[in-house]
Amino acid sequence: MKRVLNDKIDEETLRAELNKYLNEYHVDVDAAKRGILRKYGAIDSAVAIGGTITKKIGTLNGTEQNVDVVGKVVTVDRRSIKSRGTEKEIVSGIVGDETGSVTYTLWDPSIAELVAGSSYTFRNCYCKTYKGAVQLNIGNRGRIEAADTDVEASDVAVSTPAETKKIGQLTGTEQNIDIVAKVMACERRTVNARGEMKEIVSGTIADDTGAVPFTIWNDAQDLEVGSVYEFKGCYCKTYMGAVQVNTGMSSTVTPSSVEMETVEYTPAAPTVAANMGPGEKKKIAELDGTEQNVDLEVKALFVDKRNVTVRGNPTDIITGTIGDETGSIMFTIWEPGELEMEKGKTYAFRGAYARKRNDTIQINMGNRGKVEPIDANIDVPERVYSMSMAECKVKDIHEGIGSVTVRGLIVSVEEREVVIRGENRTVWSGILADDTGKIQYSAWKDFELKENDSVCIANAYVRSWKGIPQLNLGERSEVSRIDSDFQTVETGTNLRTVAEIMKNGGGIDIDIEGMVVDIRAGSGLIKRCPQCKRSILNGVCALHGQVEGTSDIRLKAVIDDGTGAIGAVIGRAETEKLTGVSLEEAESMAARLGEGAVIGDLTAKVLMRRVRVSGNVTIDDFGPSITVRGLKPVDVDVVSEAKDLLKDVEANLS
């Protein structure tokens with residue numbers, strides 16, 4: 001704090017202020033920092049971000065959202081990746097302290113120039129887990145500073161606790177497991193991994209419940225066929241219906257003294273259990289998505305035979321929808337061979353397995369299963385709902401829902417021509433609303449939608465664009481008119497939390513209420529291209545080159561609502577309303593004192609103020625952001641809030 005405030009306050013006064021906030025006002029440390037920094041006009045508002053916790057690297061569990069760590073950067077790798085279709089440069093590597101090491105990713109390399117062997121303080125980071133290993137991420141709200149002391153980096157990789165499993169229990173979704181198994185087959189080979197030649201060891205392992213293929217990616221060590229090993233910290237995937245065990249950066253493979261009997265091993269068997277017998281007979285409504293060996297008798301409702309590319313190899317598959325008396329479900333046959341399926345015919349699926357993806361149950365058939373025609377009378381209801389089909393309110397619709405039913409009012413509809421894979425197609429798009437929110441939709445056939453129609457849309461699917469879920473109506477969707485006087489959500493009343501947005505995705509006409517905790521670079525006076533209105537730098541527009549820019553004023557704020565933080569781009573009208581500073585006044589101040597004074601003045605006027613903003617919310621690699629179309633300050637009755645807090649505390653103590 002002393003460094004940030006510089007000569008605005010001496011150390012004795014600073015200690016006295018801090019003592020007053022902590023021991024007289026009885027607020028927490030973060031609130032004390034914010035209050036003092038605001039009181040003395042600190043422009044570097046980034047230090048006023050509250051809610052972070054400081055942790056040792058060895059204590060990270062992969063769920064942290066706002067964490068500070070101090071560590072030594074062991075490796076630095078600057079590279080380009082493709083993110084949402086565009087090339088993006090990032091910096092990644094390994095960072096550690098005396099308690100452990102993790103991989104890190106710096107998503108905006110302009111934040112800091114990292115040097116291997118140097119120690120840094122990483123602030124306001126977030127963590128994730130991948131293949132059981134904890135990862136540290138520094139987004140655009142993070143900061144990196146040189147550490148005051150040198151840190152020793154442990155070479156022990158930090159990972160989440162592993163779960164011990166038998167091979168027959170594997171589902172292909174495990175991220176961190178331990179397995180004791182016998183090596184049944186093994187070979188060393190060289191593969192092309194992300195453009196680089198890499199030596200790996202692969203083969204098959206087995207225990208008394210089944211056999212699976214395995215690949216050692218991190219350390220191509222020689223394994224002895226017939227010997228038992230402990231595979232620790234592994235992760236699983238599925239390929240063509242087969243579960244596969246893989247080792248990653250933090251995995252280990254060591255000899256075991258355990259005596260083990262294995263199932264009969266067949267090299268061609270790629271499924272979970274090598275001794276798979278007759279499947280369990282089930283109806284579609286009884287499936288829960290975990291079945292490894294199930295038999296179904298069904299009618300083909302929709303069949304599509306197509307060619308896909310799997311790991312670089314073209315493969316013929318059959319997909320579609322099957323149904324019985326209890327419901328319908330999507331299916332994929334990965335190795336159909338000479339099989340021909342027809343819509344309306346009945347079939348027996350023997351030895352199938354089920355998977356759940358984004359809450360959608362799907363039936364899969366690998367090379368151990370079999371599909372054969374049967375003579376059966378299966379009465380599928382005329383209007384059958386998929387196992388994955390769920391009736392949702394608009395606010396609950398999120399990416400990945402395979403089949404959804406929603407009721408609402410058609411707010412707008414527009415017919416336009418688009419080109420899809422070289423083919424001209426007509427699409428009908430617009431806005432659908434109910435009493436919980438609004439969502440964009442696209443209909444790929446003419447359902448004769450009209451404005452102000454109350455409709456029930458069934459068997460639609462969801463795709464996202466920039467984190468905003470969009471409803472798609474395809475050939476198998478159904479639209480029916482219903483008698484309903486919808487009370488649709490009005491602009492300014494659709495209040496969401498940041499946590500809800502991160503769970504379900506962004507959207508249109510969303511309201512967020514929270515505290516302004518930071519003003520980011522790019523705020524204050526800016527210049528815009530007179531043609532495209534984009535902001536320009538040094539008189540250069542990305543589209544139109546050298547231009548004579550026009551002046552504008554804006555704020556790029558960070559708003560925290562207690563469940564998370566969101567970036568907010570606030571245009572001229574709302575910036576002037578919130579700060580009381582007009583564009584002309586800002587230009588005059590900049591002419592007298594410099595543009596830095598404008599940012600400082602605006603920051604002092606808005607930092608730690610509570611606001612309610614509305615607009616469209618998008619999500620990208622750096623988190624959620626809202627383009628603000630409406631804003632109003634929220635007055636906080638401090639006395640009333642304090643009384644309510646006191647009542648809650650006393651109630652909990654009694």
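Residues numbered from 1 in each chain as written. Predicted model: local features only at pLDDT ≥ 70, side-chain atom pairs only at ≥ 80, totals over all residues. Heavy atoms only, no water.

Student: Where do I start with the overall build of the protein in this structure?
Tutor: The secondary structure content of the protein amounts to 8 helices and 36 strands. Taken across its 654 residues, the protein has 47% of its residues classed as buried. Across the protein, every contact between residues at least 6 apart in sequence was considered, and the portion connecting residues at least 24 apart equals 61%. Summing over all exposed atoms, the protein offers an accessible surface of approximately 33,600 Å²; the carbon and sulfur share of this is 47%. (Helix = DSSP H or I, 4+ residues; strand = E, 2+ residues; numbered from the N terminus. Buried < 20%, exposed > 50% of the residue type's maximum accessible area, 1.4 Å probe, protein only. Contact = heavy atoms within 4.5 Å. Areas by Shrake-Rupley, 256 points an atom, 1.4 Å probe, with all protein chains shown as cover.)

Student: Would you explain a nonpolar patch on the surface in this entry?
Tutor: On the surface, a nonpolar cluster with roughly 320 Å² of combined accessible area is contributed by Leu 645, Val 649 and Leu 653. Here Leu 645 is to be found in helix α8 (residues 638–653). You can call Leu 645 exposed: its relative accessible area is 55%. (Patch = residues over 30% accessible without salt bridge, like charges linked within 9 Å, V, L, I, M, F, W, Y side chains within 5 Å. Salt bridge = Lys/Arg side-chain N within 4 Å of Asp/Glu carboxyl O.)

Student: Is there a simple way to think about the packing of aromatic side chains in this case?
Tutor: Each aromatic ring pair is characterised by the separation of its centres together with the angle its planes make. Evaluation of the coordinates by the stated rule reveals 4 aromatic pairs. Ring centres of Tyr 120 and Phe 122 lie 6.3 Å apart, and the angle between their planes is 65 degrees; on these two criteria the pair is classed as edge-to-face. When sorted by exposure, Tyr 120 lands in the same class as Phe 122, which is buried. With 5.7 Å between their ring centres and 80 degrees between their planes, Phe 331 and Phe 349 make a pair best called edge-to-face. Here the residue Phe 331 occupies a position in strand β17 (residues 327–333), and Phe 349 occupies one in strand β18 (residues 346–357), the gap between them amounting to 18 residues. With respect to class, Phe 331 is no different from Phe 349; both count as buried. (Phe/Tyr/Trp six-rings, centres within 6.5 Å; stacked < 30°, edge-to-face > 60°.)

Student: In this structure, what is going on with the side chain of Thr 346? I would like to understand it.
Tutor: Following the sequence through the fold, Thr 346 ends up in strand β18. A polar side-chain atom of Thr 346 sits 2.6 Å from the main-chain carbonyl oxygen of Ile 374. Among residues more than four places away in sequence, those in contact with Thr 346 are Val 298, Lys 299, Pro 373, Ile 374, Asp 375, Ala 376 and Ile 378. (Polar contact = N/O pair within 3.5 Å; in protein donor to acceptor, adjacent residues only side chain to side chain.)

Student: Which parts of the structure should I look at to understand the pairing of strand β24 (residues 437–443)?
Tutor: Regular strands place their side chains on alternate faces of the sheet. Across the 7 residues that make up β24, a large majority, 6, are buried. In this antiparallel pair of consecutive strands, strand β23 (residues 423–434) and β24, the connection spans 2 residues. Relative to strand β26 (residues 468–473), β24 is paired through 4 bridges, and the arrangement is parallel. Looking at the pairing, Ser 442 lines up with Asn 472 of β26. (Pairing = 2+ DSSP bridges.)

Student: Explain the nonpolar core here, please?
Tutor: Generally speaking, soluble globular proteins have nonpolar side chains that are buried together. With 30 residues, the main nonpolar core has Ile 512, Val 613 and Ile 626 as its most contacted residues. Of all elements in the fold, only α4 (498–504), β28 (507–519), β33 (550–560), β34 (565–570), α6 (583–593), α7 (595–606), β35 (610–620) and β36 (623–633) reach the threshold of two or more residues within this core. If we skip the residues at most four places from it in the chain, Ile 512 touches Leu 495, Arg 496, Ile 501, Ile 566, Val 611, Arg 612, Val 613, Val 617 and Ile 626. (Core = buried A, V, L, I, M, F, W, Y, C linked by side-chain atoms within 4.5 Å.)

Student: Explain the pairing of β26 to me, please; I cannot follow it from the model alone.
Tutor: Summarising burial for β26: 5 of the 6 residues are buried, a large majority. Summarising the sheet, strand β25 (residues 454–465) and β26 pair through 5 bridges and their orientation is antiparallel. Across the sheet, the residue bridging to Tyr 461 is Asn 472, located in β26. Counted along the chain from β25 to the antiparallel partner β26, the turn is 2 residues long, and its residue Lys 466 has a positive phi close to 55 degrees.

Student: I keep staring at α6 and nothing clicks. Help me out?
Tutor: Every α-helix carries 3.6 residues per turn, so stepping three or four residues along brings you back to the same face. When α6 is considered as a whole, its buried residues turn out to be Leu 583, Ala 586, Met 589 and Ala 590. Within α6, the buried residues cover an arc of 120 degrees as seen down the axis, which keeps them to one side. Exposed residues lying more than 90 degrees from the buried face of α6 are Ala 591 and Arg 592. Buried positions along α6 lie against β29 (524–528), β33, α5 (572–579) and α7. Note on α6: the residue one or two positions beyond its end, Gly 594, has a positive phi of about 100 degrees. (Arc of directions from axis to C-beta.)

Student: Looking at this structure, I do not really get the side chain of Asn 364. What am I missing?
Tutor: Mapped onto the secondary structure, Asn 364 falls in strand β19 (residues 360–365). For Asn 364, a relative accessible area of 7% puts it in the buried group. A distance of 3.0 Å separates a polar atom in the side chain of Asn 364 from a polar atom in the side chain of Trp 334. Non-local contacts of Asn 364, meaning those with residues more than four positions away in its chain, are made with Thr 332, Trp 334, Ala 352, Tyr 353 and Arg 355.

Student: What's the story with the pattern of salt bridges in this structure? I'm lost.
Tutor: Close approach of charged atoms allows side chains of opposite charge to pair. Tallying each qualifying case throughout the model produces 35 salt bridges. Between Asp 77 and Arg 79 there is a salt bridge, with its nearest N and O atoms 3.6 Å apart. Assessed through its relative accessible area of 37%, Asp 77 is described here as partly exposed. The shortest N-O distance in the salt bridge between Arg 350 and Glu 372 comes to 2.8 Å. Residue Arg 350 is found in strand β18, and its partner Glu 372 is found in strand β20 (residues 370–373); the two are separated by 22 residues along the sequence. The class for Glu 372 is partly exposed, based on a relative accessible area of 22%.

Student: What should I look at first to understand the state of the cysteines in this one?
Tutor: Here is the idea: a disulfide is a covalent bond, and it sits between the sulfur atoms of two cysteines. In the structure shown here, the tally under the stated rule is 0 disulfides. Unpaired in this structure, Cys 234 has its nearest cysteine sulfur neighbour in Cys 236, at a distance of 7.4 Å. (Disulfide = S-S within 2.5 Å.)

Student: Even after reading the chapter, I still don't get the environment of Asp 446, so can you show me in this structure?
Tutor: Within the secondary structure, Asp 446 is located in the loop between β24 and β25. For the pair formed by Asp 446 and Leu 473, sequence separation is 27 residues and the distance between their alpha carbons is 9.7 Å. Within the structure, the side chain of Asp 446 is placed 2.8 Å from the backbone nitrogen of Glu 448, a separation counted as a polar contact.

Student: So what exactly am I meant to see when it comes to unusual backbone geometry here?
Tutor: Both trends apply: most residues other than glycine have a negative phi, and most peptide bonds are in trans. Phi angles above zero are rare outside glycine, and Asn 452 is one such case at about 75 degrees. With respect to the secondary-structure elements, Asn 452 resides in the loop between β24 and β25. Residue Asn 452 is classed as exposed on the basis of its relative accessible area, which comes to 59%. For Asn 459, which is not glycine, the phi torsion reads 60 degrees and is therefore positive. Here Asn 459 lies in strand β25. With a relative accessible area of 24%, Asn 459 lands in the partly exposed category.

Student: Help me understand the packing of α6 against α7 in this model?
Tutor: To describe two helices that pack against each other, one gives the angle between their axes and the distance between the axes. Following both chains from N to C, one finds α6 and α7 inclined at 130 degrees, their axes separated by 7 Å at the closest point. Put simply, α6 runs oblique to α7. Mapping the contact onto sequence places Ala 586, Met 589, Ala 590 and Leu 593 in α6 and Glu 595, Ala 597, Val 598 and Asp 601 in α7. Counted by class, the contact of α6 with α7 contains 6 nonpolar, no polar and 2 charged residues. (Axes fitted to C-alpha atoms, helices over the stretch in contact; angles between N-to-C directions. Parallel < 35°, antiparallel > 145°, perpendicular 65-115°, else oblique. Nonpolar A, V, L, I, M, F, W, Y, C, P; charged D, E, K, R; others polar.)

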